[in-house]
Amino acid sequence: MRLIVEHRTRYRFSEPQTRLIQCLRMTPDDTDDQTVIGWSIDVDCDARLRESRDGLGNRQAMLYADGPIDGIEISVRGEVLTGDHGGVVRGTHEPLPPVFYLRETERTVAGAALSGFMVEALAGGADAAAIDAVTRAIHGRFKLASHVEELRDAAATFAAEAATGRELAQMLVAGLRAAEIPARYVSGYRQREGRACAPHGWVEAFAGAEGWIAVDPSAGGRIDERYVRVAIGLDTASVTPVAGSRLGPGEEMLDVALIVEQARGQ
Amino acid sequence: MGDLRAFDEIWGQGGPDNPREPLAMLADWIAETPREELARRLEAAENTFRQLGITFAVYGDRDAAERIIPFDIVPRVFLADEWARLSEGLIQRVEAINAFLDDIYGDRRILADGVLPPDIVFRNPQFRHEVAGIRPPHGIWAHICGIDLVRTGPDDFFVLEDNARTPSGVSYMLENREAMIRLCPELFRNFRVAAVDSYPDRLHETMRSVAPPGAGSRPVCVVLTPGHFNSAYYEHSFLADSMGIELVEPADLVVDDDIVWMQTIAGRVKVDVIYRRIDDDFLDPVVFRPDSLLGVPGIMSAYRAGNVTLINAPGNGIADDKAIYSYMPEIVRYYSGGEAKLPNVETYRCREPQALKYVLDRLPELVVKLVDGSGGYGMLVGPTASSEEIERFRAALIAEPHRYIAQPTLALSTVPTLTEKGLAPRHVDFRPFVLTGRDGVQVVPGGLTRVALKEGSLVVNSSQGGGTKDSFVLLPEARQMQKMGGMFQQQELGS
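Computed from a predicted structure; not experimentally measured.

This next bit is on the overall build of chain B. Helix and strand counts for chain B come out as 16 helices and 24 strands. The C-alpha radius of gyration of chain B comes to 23 Å, within 12% of the 23 Å expected for a compact globule of 495 residues. Dimensions along the principal axes, computed over C-alpha positions, put chain B at roughly 65 × 60 × 50 Å. Relative to its full complement of 495 residues, chain B shows a buried share of 47%. Partitioning the intrachain contacts of chain B with sequence separation of at least 6 by distance along the chain shows that 68% fall at a separation of at least 24.

Shown next, in the form of structure tokens:
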């Protein structure tokens, strides 16, 4: 499938900023499942971009801009050719071994309730089938929310009735780790019919001999050719598309617009 | 506890009347100098420290905002041959620490070879994935190490703890020496004491030697402090002053285009080497804790791009973590090819069920430490603990055994110390400072001796009522000029 991504992030500041430094994790890499045909990041002010790769293998770009800045718009546009390998992840940069992804973070403390749920849903398994089963179980248990004021951590998500896709993904990551299955949060894009959507989050879990497999708890199953993988991390906080620091007073207003669609003519 | 078996470094096992032979002259000085005179000198030294502002804040003590660390006028002395052996062990250890860090953030051969269980590295929050794949200039990570040692006999030294992040205390080594030279000049006439005052020059040279390749022949070095409210601010400003380089706060630095700039009245100056005294967590809000107000946004990107050297390197916590500590003998053997010349204190890893059982059976005899604790907090000293404390630790150990290690209570050596009741032995430990630069490893002939001022106490931490002493390293008898690190170490003082 040929997917076109247009992701616009606009910050407006109530007062002009002296300096702006942002880390952008908005650039996908080629994997066995996806080939990046074209990708560009444009900024509507005088800014310098420096590309590098972080310790987890993600591509990132540092953005440096001098003030006075009233606002900044970061426009990402790209085209990716995707395939469907049944959610089996191959061809990724893996600087760290799976055991690293057992590490707990502040947002991925499972708590007793989630851990108990996992034990039951995994039924002693740690293979791909068990991971699929637990993904379905989570999908069945929660109503999908389109928006929350502030993203909740894993334990708080589990106590709720409804959660966003990203919250569910982070929660599944926490639950899998509690069951000693290496798991990581993936941020990226998902194409859906008929509506614009926010950047999406799903899960890659390490299923032993089967390697890393990608599951999406908000869809209840493996990912397919409608997904574009951008960055991995230990939790939602570590893969935010724009992490930044600004020097200056006042408030900031954030406005995100996203279109993920299939290229015409297919 | 008043352990009679403890080895006294001046009096030996024989008491004041029968001192160790090479130190008889010092024992005489202690015996013959009137108590009032010693007390007067001690007070003069402490007044100086107070005026200089060498204070520290006690965490959790709101009444006493800042105190000086008590000083003791009786020095601690290392004989030349003792020091030579100690130095060899320290160099071997610090070389291993650097090799370990370079390996663990690089190829990870040590894990491939099965020397360490991978999970104690990868699941350890001290392993910073943010620096994985980075290689600092010359592969040096721990440029400044403070290795905490204890002694139990004439030739029995043990490493209690490695400090490879931002070890503090070197200003005490230097200020204590200055006070001693001023207040007890006769000691420096009678003993040939190795000078420590070259430390700032050696540190500066170390910093310059690890500048990034593009820095040019005169790299710009700075000391980065979190600010004057920090408990070690005196040391930060002291070191910058004595090296003759800028002391900067985070707001003085900006990162642009992956380059660190210092804002000065004359304009922007590119910075090449930063001796940062800010913990990893707070160093860069873009990469580490986003709520940090102490950091320099973007500094890690400049570091990753190889445009600035950070001293010590971020991520070093994985080398001095208490869980890793117990594997240090294996780590030293792996990288040096020989046995560790400085042994560890025997350590029980409570994460291992058998060790946990052993520890729980012997809590009143052991010292129990939190794997991620420091400064004497979260620590149980079994022999001096109340039964409530012991039971509290027992419960904590059972609940979270992986967070603890335990060690036997050592009969730490003592040094005569001036107390309210006269001169009496008090337990000490020792932190020498080891510098690693492009041209190798050097041990400064001196260090920080911490002394537990309370009778029988084994806790030397300043936050828990410890004090400091000067640490003399005696030069070899043969009056050889010894060339070390490009500096002549012999210094004649007094007549």
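Picking up where we left off.
All names here are of chain B. Strand order across the open sheet formed by 4 strands is 13-16-14-15, with antiparallel pairing between neighbours. Because the sheet does not close on itself, it has two edges, and the strands there are strand 13 (348-349) and strand 15 (379-381). Bridging between strand 13 and strand 16 (residues 404-408) involves 2 bridges; their strand directions are antiparallel. From the neighbouring strand, Y348 faces strand 16, where its bridge partner is A406.

With that settled, the discussion passes to the interface of chain A and chain B. At the junction of the two partners, chain A supplies 20 residues and chain B supplies 22 residues. Taken together, the elements giving at least two residues each to the side of chain A that touches chain B come down to strand 1 (2-24), strand 3 (47-53), strand 4 (59-82) and strand 12 (242-247) of chain A. When the residues that make up the side of chain A that touches chain B are grouped by side-chain class, the tally is 12 nonpolar, 4 polar and 4 charged.

Attention now moves to the nonpolar core. Formed by 213 residues in total, the largest nonpolar core has its most connected members in V203 and A205 of chain A together with F100 of chain B. The leading source of residues in this core is helix 3 (residues 80-104) of chain B, at 10 residues. Split by domain, this core shows at least three residues from each of two domains, domain 1 (2-81 + 241-262) and domain 2 (84-239) of chain A. Contacts of A205 of chain A, omitting those with residues within four sequence positions, involve I131, L176, I181, A183, I213 and V215 of chain A.

For the rest of this paragraph, the subject is helix 4 (residues 165-178) of chain A. Residues and elements named next belong to chain A. Taking 1.5 Å of rise per residue, 14 residues should cover 20 Å, and helix 4 covers 20 Å from first to last C-alpha, within 8% of that figure. Among the 14 residues in helix 4, 14 count as buried, and that is most of the element. Where helix 4 terminates, the next one or two residues include E180, which has phi positive at roughly 65°.

For residues besides glycine, phi is generally negative; the peptide bonds are generally trans as well. Omega for the bond connecting G67 of chain A with P68 of chain A falls within 30 degrees of zero, at 0°, which places this linkage in the cis form. Relative to the helices and strands, P68 of chain A resides in strand 4. Geometrically, the link from I311 of chain B to N312 of chain B is a cis peptide bond, its omega value of -15° lying close to zero. Note on placement: N312 of chain B falls in the loop between strand 12 (309-311) and helix 12 (317-320). Look at A123 of chain A: it is not a glycine, yet its phi comes out positive at around 50°. Accessibility expressed as a C-beta count within 10 Å gives 10 for A123 of chain A, which makes it exposed. Positive phi values are uncommon outside glycine, yet E180 of chain A reaches one of about 65°. Within the element layout of this structure, E180 of chain A appears in the loop between helix 4 and strand 7 (183-190).

What follows deals with the pairing of strand 9 (residues 259-264) of chain B. Residues and elements named next belong to chain B. Looking at chain direction, strand 8 (residues 253-256) and strand 9 are connected through 4 bridges and run antiparallel. Paired with V254 across the bridge in strand 9 is W261. The turn joining strand 8 and strand 9, which pair antiparallel and follow one another in sequence, is formed by 2 residues; a positive phi near 55° is taken by D257. In this structure, strand 9 lies alongside strand 10 (residues 267-270), joined through 4 bridges in antiparallel fashion. Paired with W261 across the two strands is K270, which belongs to strand 10. Adjacent in sequence and paired antiparallel, strand 9 and strand 10 are bridged by 2 residues.

Quick look at the packing of helix 1 (residues 111-122) of chain A against helix 2 (residues 128-141) of chain A now. Helix packing for two helices is described by the angle between their axes and how far apart those axes are. Residue and element names in this part refer to chain A. For the pair helix 1 and helix 2, the least separation of the axes is 8 Å and the interaxial angle reads 125°. It follows that helix 1 is oblique to helix 2 by the angle criterion. Here the hand of the crossing between helix 1 and helix 2 comes out right-handed. Of helix 2, the residues touching helix 1 (which contributes M118, A121 and L122) are A130, A133, V134 and A137.

Moving on, we get to the environment of G250 of chain A. All names here are of chain A. Relative to the elements of secondary structure, G250 occurs in the loop between strand 12 and strand 13 (252-262). Given 10 C-beta atoms within a 10 Å radius, G250 is considered exposed. Residues G250 and A174 lie 76 residues apart in sequence; the distance between their C-alpha atoms is 35 Å. Discounting residues that sit within four places of it in the chain, G250 has contacts with F13, S14 and E15.

Residues and elements named next belong to chain A. In terms of domain boundaries, chain A breaks down into domain 1 (2-81 + 241-262) and domain 2 (84-239). Between the C-alpha centres of domain 1 and domain 2 the distance comes to 24 Å. Across the boundary between the two partners, domain 1 contributes 24 residues, which contact 23 residues of domain 2. When contributions to the side of domain 1 that touches domain 2 are tallied by element, the ones reaching two or more residues are strand 1 and strand 13. At 7 residues, strand 13 tops the list of elements feeding residues into the side of domain 1 that touches domain 2. Counted by class, the side of domain 1 that touches domain 2 contains 12 nonpolar, 6 polar and 6 charged residues.

The rules we used
- Residues numbered from 1 in each chain as written.
- Chains lettered and ligands numbered in written order.
- Predicted model: local features only at pLDDT ≥ 70, side-chain atom pairs only at ≥ 80, totals over all residues.
- Helix = DSSP H or I, 4+ residues; strand = E, 2+ residues; numbered from the N terminus.
- Rg over C-alpha atoms; globule rule 2.2 N^0.38 Å.
- Buried ≥ 20, exposed ≤ 12 C-beta atoms within 10 Å, placed from the backbone.
- Contact = placed C-beta atoms within 7 Å.
- Pairing = 2+ DSSP bridges.
- Nonpolar A, V, L, I, M, F, W, Y, C, P; charged D, E, K, R; others polar.
- Core = buried A, V, L, I, M, F, W, Y, C linked by C-beta atoms within 7 Å.
- Domains from an automatic or database assignment.
- Expected span 1.5 Å × (residues − 1).
- Axes fitted to C-alpha atoms, helices over the stretch in contact; angles between N-to-C directions.
- Parallel < 35°, antiparallel > 145°, perpendicular 65-115°, else oblique.
- Left-handed = near helix turned anticlockwise from the far one by under 90°.

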